[in-house]
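# Topology and contacts: notes
Spelled out from the first residue to the last, the chains are:
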Amino acid sequence: MKRIALVTGALGGIGTAICQALAGDGMTVVANCLPGDPGKDAWLAAQRAVGHDFGIVEGDVADDASAGAMASAVTARYGAVDVLVNNAGITRDRSLARMDPDAWHAVIATNLGSLYNVTRHLVPAMADRGWGRIVNIASVNGVRGQAGQTNYAAAKAGCLGFTKSLAQEVAPRGVTVNAVAPGYIATAMTAAMRTDVLQTLLDDVPVRRAGRPEDVAAAVAFLCSAAAGYITGSTLHVNGGLHMA
Ligand code: NAP
């Protein structure tokens, strides 16, 4: 039986690698993107060109109603979701004194509110069927903090509390809930940073390079596998040794 996997924010750097890794493990993968994403068709075509026929579902994970509609649409179209990867995320970096309320609320809603908005619609069916895997993409900066990211670090730290609490709720029902905390990974998110700032951060990485999306995807795929059934409530750090928690 093919497992059904839903990956949010799937068209981004890490999301794409996660979709490919889960498909490589034999899952039917449904990719979420924002409503009206202009890059959707090109992304699907590019994935088809390398042998991946992904499903697609639109939905704004920061919006409760939109996320609920997305969860219903996935289930109606593809069947009950076995594997959920909450990957969608944004940054709006600023020192706290200069951070406007929009930057605070958007980052909290997208990176943390989304966990509530999406997961609660899908976890009951996983529990009813006695098997499920949920992986939440956190960040090294939710563990160690980062100047300029009070919003992002708070959301990602909240993600770890959410992960541990839900893990306790659903462990007896065969559903595991874990987090993966990437360090600095080469995607659009880090490309938006000032080069000199990024280089200073990378100079502190013992592995001496930025991470690749595939480094994160491999960790996610492991936590979604049958082999990881005894791992729940944990955080897997994929940061090249930048922070050894
Ligand atoms: P990315 O390339 O910017 O991808 C993020 C994806 O999320 C984009 O496709 C984006 O769509 C989508 N998204 C944003 N808001 C959304 C919403 N409300 N509903 C649905 N989708 C939404 O960034 P990435 O580096 O792959 O990041 C993936 C995850 O890893 C994020 O949670 C991020 O915080 C985390 N992370 C990344 C790094 C890193 O160094 N790159 C480090 C630690 C953690 P649009 O492009 O259309 O906005």
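Look up: the structure comes first, before these words.
Each value, and the rule that gives it
- Residues numbered from 1 in each chain as written.
- Predicted model: local features only at pLDDT ≥ 70, side-chain atom pairs only at ≥ 80, totals over all residues.
- Heavy atoms only, no water.
- Pairing = 2+ DSSP bridges.
- Helix = DSSP H or I, 4+ residues; strand = E, 2+ residues; numbered from the N terminus.
- Axes fitted to C-alpha atoms, helices over the stretch in contact; angles between N-to-C directions.
- Contact = heavy atoms within 4.5 Å.
- Phe/Tyr/Trp six-rings, centres within 6.5 Å; stacked < 30°, edge-to-face > 60°.
- Buried < 20%, exposed > 50% of the residue type's maximum accessible area, 1.4 Å probe, protein only.
- Lys NZ or Arg CZ within 6 Å of the ring centre and 35° of its normal.
- Polar contact = N/O pair within 3.5 Å; in protein donor to acceptor, adjacent residues only side chain to side chain.

## A closer look at the sheet that holds strand β2 (residues 28-33)
- In spatial order, the strands read β3-β2-β1-β4-β5-β6-β7; together these 7 strands make up an open sheet with parallel pairing. In this open sheet, the two strands that pair with only one neighbour each are β3 (55-58) and β7 (235-238). The sheet shows a mean angle of 20 degrees between the axes of neighbouring strands, direction not considered.
- By the bridge criterion, 6 bridges tie strand β5 (residues 132-137) to strand β6 (residues 175-182) in an arrangement that is parallel. Following the sheet pairing, Gly 132 is matched in β6 by Val 175.
- Where helix α2 (residues 40-49) meets the sheet, its contacts fall on β2 and β3, and the angle it forms with β3 comes to roughly 165 degrees.

## Describing the packing of aromatic side chains
- Counted under the stated rule, the structure contains 1 aromatic pair.
- A ring pair is formed by Trp 43 and Phe 54, whose centres lie 5.6 Å apart and whose planes are at 25 degrees; its orientation type is stacked. Placement of the pair is Trp 43 in helix α2 and Phe 54 in the loop between α2 and β3, with a sequence separation of 11 residues.
- According to the relative accessible area criterion, Trp 43 is buried, its value standing at 9%.
- Against the face of Trp 131 rests Arg 3, its NZ or CZ located 3.6 Å from the ring centre.

## Thoughts on the environment of Val 216
- Mapped onto the fold, Val 216 is located in helix α9 (residues 213-223).
- Val 216 gets classed as buried once you look at its relative accessible area, which sits at 0%.
- For the pair formed by Val 216 and Met 27, sequence separation is 189 residues and the distance between their alpha carbons is 18 Å.
- Setting aside residues no more than four positions away along its own chain, Val 216 makes contact with Ile 14, Val 180, Pro 182, Ile 185 and Val 238.

## Brief notes about the side chain of Thr 163
- Among the structural elements, Thr 163 can be located in helix α6 (residues 150-170).
- Only 3.0 Å separates the side chain of Thr 163 from the side chain of Asn 136, close enough to count as a polar contact.
- Not counting chain neighbours up to four residues away, the residues in contact with Thr 163 comprise Asn 136, Val 177, Asn 178, Ala 179, Gly 233 and Ser 234.

This is a description of form; function is not addressed.
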